[in-house]
Amino acid sequence: MPISALVRPFTGHYGWVAAARSSSGASGATRYEYSGSGPVRGAVRKVGRALRMPFTGTARGIRKATHAHGAGESGLGKLIELHAVNGAGDVMITVALASTVFFSVPTDEARGRVALYLAITMAPFTVLAPVIGPLLDRLPHGRRAAMAGSMLARALLALILSGAVASGSLELYPAALGVLVASKAYGVVRSAVVPRLLPPRFSLVKANSRVTLAGLLATGAAAPVGAGLQTIGPRWPLYGAFVLYVSGMFLSFSMPHKVDSAKGESRAVLAADEEHVHGPAKRQERQRKPGLRTVGPAVTHALAANASLKCLSGFLIFFLAFLLREHPMTGQSAAVSLGIVGVAAGAGNALGTAVGAWLKARAPEIIIVTVVAVVLGVAVVSAVFFGAFMTACLAAVAGFAQALAKLSLDATIQRDVPEAVRTSAFARSETLLQVAWVLGGAIGIALPLVGSLGLSVAAGIVAVGWLTTVRGLLASARRGPARPRVA
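Student: Explain the overall build of the chain residue by residue, including any values.
Tutor: Counting secondary structure elements, the chain contains 18 helices and 2 strands. For the chain, the residues scored as buried account for 48% of the 487 residues in total. Put simply, of all contacts in the chain between residues at least 6 apart along the chain, 80% involve residues at least 24 apart. Accessible surface computed for the chain: about 22800 Å², of which carbon and sulfur atoms make up 67%.

Quick look at the structure:
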């Protein structure tokens, strides 16, 4: 009787098969192999599925949310996922730099180091940023490559920063500047392509809101991860950023091909009556890409209002950061006080973005006027009744207003500016907003650490922006969207 017949009663039930094979040697040993069938393999599969379930289930849930309401078919879902990866990578960089520049030294020294950091990184940025838009205007067929290049550049710069934060070398400043420029380049391209991925019955404010909300949620999820990596070592958040940016590079190329299509793009004419007043030769001589002031007053007024909110944001970040280090909230440590204000601002920002996704308003000018007025009122009350509660309220309301006003500004640019020059418009607007943020931060660093005085200055910043733009914005809303002629 063969050996396999003898052992079958003992092994067959469990899926084991005895393969009696005589070796070429003298021992004639028998080798038994597992056939891969039966209850054992089924149990292994069940365990594997159970272990994968949290990850695959989460991934399916995220994909279902990002691709809902036609976003999957239009391609907006891909952009939402890419922006989430971008936000997670940026917060890893922020955690690493904040621990190096701000938290590692006493308050007086930290004020000087933060001011130096702003000067070294932002002064060159104001020169380089206006170049981003015209450069990207020349790459209408390479938007996916531009976003992927931004991700790759930041991945490599994260590795450079990982060495700089550990050694304290001066490489930190130019590398941080490079990250800032690459991040803004990504943001400009991302804003410019949203109209090409707009699902049916989606307003621009709603589409921008969904993209921004994904970035905020990813930022909130990645921030504690970055803090945990920071406890291991100052390099580790930057390693995490490297991995995220590399994955973002591949996600960029998964975007729909229509992102790179130039179909429907054309060059804008400077004035609507150019053709009637001048002949063809004169019109060609005067034809050029418009600046922000040539595409209608709605864009410039919305930008001015947003600049005031951005200036307020920079002011509150730096003023409250140093104020709460020296004078924490009653019964709380400095770290907890900063955390309370930071959470309030983040929650307000997320709520503003969510409201933007819910709103169906077709007049973003009205949204901007309303939210800036609300911030002004809360800032005045906070200055008069200065305290921990009102400070947290102001941070939350400012975050809410900044998110909703920025979404409305983006919608205004996407609505009124021809696509051929839209990237330039976004680049210039981003530059102005960044300069406003730095200006507010500089005021916050230089101001004495007196709470009521600081919030009075904050109210004044918002008042200037609101009073100078409210009439123009309301008039623009009544006139309706501008429609520049195209050639």
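Student: I'd like a description of the pattern of salt bridges, backed by residues and values.
Tutor: Considering all chains together, one arrives at 4 salt bridges under this definition. Here Arg 415 makes a salt bridge to Glu 365, at a shortest N to O gap of 2.8 Å. Of this pair, Arg 415 sits in helix 15 (residues 388-416) while Glu 365 is found in helix 14 (residues 364-384), placing the two residues 50 residues apart along the sequence. Measuring nitrogen to oxygen at the nearest pair gives 2.7 Å for the salt bridge that ties Asp 416 to Arg 415. For Arg 415, a relative accessible area of 15% corresponds to the buried category. By sharing partners, the salt bridges in this structure join Glu 365, Arg 415 and Asp 416 into a single network.

Student: Go over helix 18 (residues 470-479), please, and point to the residues and values.
Tutor: Among the residues of helix 18, those classed as buried are Val 470, Gly 472, Leu 473, Ala 475 and Ser 476. Contact partners of the buried residues in helix 18: helix 12 (297-326), helix 14 and helix 17 (451-467).

Student: An account of the packing of helix 7 (residues 172-193) against helix 16 (residues 422-446) is requested, with residue identities and associated values reported.
Tutor: For the pair helix 7 and helix 16, interaxial distance at closest approach is 9 Å and the crossing angle is 135°. Put simply, helix 7 runs oblique to helix 16. You can see that helix 7 and helix 16 cross each other, and the crossing is right-handed. Every residue of helix 16 that contacts helix 7 at Leu 180, Lys 184, Val 188, Ser 191 and Ala 192 is listed here: Arg 422, Thr 423, Phe 426, Ala 427, Glu 430 and Gln 434. When its residues are assigned to classes, the contact of helix 7 with helix 16 shows 5 nonpolar, 3 polar and 3 charged.

Student: Just give me the short version of the packing of aromatic side chains, but keep the residues and values in it.
Tutor: One pass over the structure, following the stated rule, counts 3 aromatic pairs. Ring plane angle 85° and centroid distance 5.4 Å describe the contact between Trp 236 and Tyr 239, whose orientation is recorded as edge-to-face. Taken together, the positions of Trp 236 and Tyr 239, both in helix 9 (residues 236-253) and 3 residues apart, correspond to about one turn of that helix. The class of Trp 236 is partly exposed, set by a relative accessible area of 41%. Plain terms: the ring middles of Phe 318 and Trp 437 are 5.4 Å apart, the flat faces sit at 65° to each other, and that makes the pair edge-to-face. With Phe 318 in helix 12 and Trp 437 in helix 16, this residue pair connects regions lying 119 residues apart in the sequence. For Phe 318, a relative accessible area of 10% translates into the label buried. You can call Trp 437 buried: its relative accessible area is 18%.

Student: Break down helix 13 (residues 334-358) for me, citing the residues and quoting the values.
Tutor: A rise of 1.5 Å per residue sets the reference length of helix 13, with its 25 residues, at 36 Å; its end C-alpha atoms lie 36 Å apart and thus fit the reference within 8%. Every buried residue of helix 13 is listed here: Ser 337, Leu 338, Val 341, Ala 344, Gly 348, Asn 349, Gly 352, Thr 353, Gly 356 and Ala 357. Residues of helix 13 that are buried in the fold lie against helix 8 (204-232), helix 12 and helix 15.

Student: I'd like a rundown of the packing of helix 15 against helix 16, residues and numbers included.
Tutor: Running from amino to carboxyl end, helix 15 crosses helix 16 at an angle of 150°, the nearest separation of the two axes being 10 Å. By the criterion of interaxial angle, the relationship of helix 15 to helix 16 is roughly antiparallel. Like other packed secondary-structure pairs, helix 15 and helix 16 cross with a definite hand, here right-handed. Contact residues: helix 15 offers Lys 406, Leu 409, Asp 410, Ile 413 and Gln 414, while helix 16 offers Arg 422, Ala 425, Phe 426, Ser 429, Glu 430 and Leu 433.

Student: Provide a residue-level description of the environment of Val 375, including the pertinent values.
Tutor: Within the fold, Val 375 resides in helix 14. Separated by 63 residues in the primary sequence, Val 375 and Leu 312 have C-alpha atoms spaced 9.8 Å apart.

Student: Requested: an account of the environment of Ser 476, with residues and values cited.
Tutor: Along the polypeptide, Ser 476 turns up in helix 18. Ignoring sequence-local partners within four residues, the contact set of Ser 476 consists of Pro 297, Ala 298, His 301 and Glu 365.

Student: Break down a nonpolar patch on the surface for me, with residues and values.
Tutor: A contiguous nonpolar surface patch, about 370 Å² in accessible area, is contributed by Val 380, Val 381, Val 384 and Phe 385. Within the secondary structure layout, Val 384 lies in helix 14. Residue class for Val 384 comes out exposed when judged on its relative accessible area of 57%.

Student: Explain the side chain of Asn 86 residue by residue, including any values.
Tutor: By the element assignment, Asn 86 lies in helix 4 (residues 76-101). Excluding residues within four positions of it along the chain, Asn 86 makes contact with Met 151, Arg 154, Tyr 186 and Tyr 245.

Student: An account of the confidence of the model for the chain is requested, with residue identities and associated values reported.
Tutor: Residues with a pLDDT of 70 or more make up 70% of the chain, whose mean pLDDT is 75. When mean pLDDT is taken per element in the chain, helix 9 scores highest with 93 and strand 1 (residues 16-19) scores lowest with 37. Across residues 1-36, where pLDDT falls below 50, the model places 34 contacts with residues more than four positions away in sequence or in other chains. Low pLDDT, under 50, characterises residues 264-292; the stretch is placed with 51 contacts to residues that sit more than four places away or in other chains.

Student: How would you explain the environment of Arg 428 if you had to name every residue and give the values?
Tutor: Residue placement: Arg 428 occurs in helix 16. Separated by 297 residues in the primary sequence, Arg 428 and Val 131 place their C-alpha atoms 9.0 Å from one another.

Reading the values: rules and limits
Residues numbered from 1 in each chain as written. Predicted model: local features only at pLDDT ≥ 70, side-chain atom pairs only at ≥ 80, totals over all residues. Heavy atoms only, no water. Helix = DSSP H or I, 4+ residues; strand = E, 2+ residues; numbered from the N terminus. Buried < 20%, exposed > 50% of the residue type's maximum accessible area, 1.4 Å probe, protein only. Contact = heavy atoms within 4.5 Å. Areas by Shrake-Rupley, 256 points an atom, 1.4 Å probe, with all protein chains shown as cover. Salt bridge = Lys/Arg side-chain N within 4 Å of Asp/Glu carboxyl O. Axes fitted to C-alpha atoms, helices over the stretch in contact; angles between N-to-C directions. Parallel < 35°, antiparallel > 145°, perpendicular 65-115°, else oblique. Left-handed = near helix turned anticlockwise from the far one by under 90°. Nonpolar A, V, L, I, M, F, W, Y, C, P; charged D, E, K, R; others polar. Phe/Tyr/Trp six-rings, centres within 6.5 Å; stacked < 30°, edge-to-face > 60°. Expected span 1.5 Å × (residues − 1). Patch = residues over 30% accessible without salt bridge, like charges linked within 9 Å, V, L, I, M, F, W, Y side chains within 5 Å. pLDDT = per-residue confidence, 0-100.

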